[in-house]
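# Chain and residue survey
Each chain, written out:
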Amino acid sequence: MGMFDSILAVCGNRRVLERDKFSGLHPSAYLLALIVFQAWHALLQSAILFCITRVLIAWPYLSSPLLFGEPISCFVTLLLITFAAQMLGLAVSCLVKRNEHALTLAPFLLIYELIMSNTLFGLPDWLLPLRETTIVRWGLNALGSLYDIDALPWQGEGKLDEILEMEAKEATDAVSGIDLGPDVEIDTSAIHDAIVQLSIDPSVMGVNHDLAEYAATDPHVLFLWAGLGVLALVAIVVALVAFKRKVDWR
């Protein structure tokens, strides 16, 4: 959503910029104005996305609210993700000279973000450092930490509960059908409870409820926000350097 807002912002206006340099246009001032505009655009987009998702999505309840409160923290996270993506698009727009080149690079950047973030696909250990360069990694971890995703049950755990409930019902039905005489009464409720309350280690299903990257704490969320800010700042520096080099300001 954010990257495509800015990926044509410079390369699409390169001829105009080459002409306006003779009128005294300063590259840093122009790029700063563009960043401010993109930030305002990110604010509006994030506000719309936030409002729509609040209506359509039942967000999980966070048992230990963070310092800024859940609504504000969610909005800030969406804003930082969008702005970082916009700055990535701006950097690409400053690095290339034609719209076609920018639009060709865009799908590859999206693929890189999805794969190297280590969220949809597992990465070998030697590629794991690259996940720190993706906006997806910092953004999804921030949202996961914000809503304490580690505390939520996995689908596998829910399915296991269904299986235990089904087995408990079958066991109690089978025991109820056994006739041990008038003086013997079988406590089927105890059998049902014993089966349903069986304790099974979730790790056997690949479930981990103790991931440090989803720690629902203020310091961790602030750390993830800082990561998004650093990525945006790096993209701004790249954009500024590339802008001065690609557009002849002599």
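Up top is the structure.
The following refers to the structure shown. The shown structure was predicted, so the numbers you read here are calculated from the model rather than taken from an experiment.

A separate point is the nonpolar core. Buried together is how nonpolar side chains tend to be arranged in soluble globular proteins. In terms of nonpolar packing, the biggest core is built from 28 residues, with Val10, Leu31, Leu34, Met87, Leu90, Cys94 and Phe243 touching the most fellow members. Elements with a minimum of two residues in this core: helix 3 (27–56), helix 4 (70–95), helix 6 (135–146) and helix 9 (218–246). Looking at this core, the element that brings in the most residues is helix 9, giving 10 residues. For valine 10, the residues in contact, after removing those within four places along its chain, are Leu17, Leu34, Leu90, Ser93, Cys94 and Phe243. By size, the runner-up hydrophobic cluster in this structure holds 7 residues, among which are Ile7, Val92, Val96 and Ala102.

In this section: the packing of helix 3 against helix 4. When two helices pack together, their arrangement is given by the angle between the helix axes and the distance between those axes. Close contact between helix 3 and helix 4 brings their axes to 8 Å; oriented N to C, the two are set at 140°. The angle between the axes of helix 3 and helix 4 places the two elements in the oblique class. When you trace helix 3 past helix 4, the crossing you get is right-handed. When grouped by side-chain class, the residues that make up the contact of helix 3 with helix 4 number 18 nonpolar, 6 polar and 2 charged.

The rules behind the values
- Residues numbered from 1 in each chain as written.
- Predicted model: local features only at pLDDT ≥ 70, side-chain atom pairs only at ≥ 80, totals over all residues.
- Heavy atoms only, no water.
- Core = buried A, V, L, I, M, F, W, Y, C linked by side-chain atoms within 4.5 Å.
- Buried < 20%, exposed > 50% of the residue type's maximum accessible area, 1.4 Å probe, protein only.
- Helix = DSSP H or I, 4+ residues; strand = E, 2+ residues; numbered from the N terminus.
- Contact = heavy atoms within 4.5 Å.
- Axes fitted to C-alpha atoms, helices over the stretch in contact; angles between N-to-C directions.
- Parallel < 35°, antiparallel > 145°, perpendicular 65-115°, else oblique.
- Left-handed = near helix turned anticlockwise from the far one by under 90°.
- Nonpolar A, V, L, I, M, F, W, Y, C, P; charged D, E, K, R; others polar.

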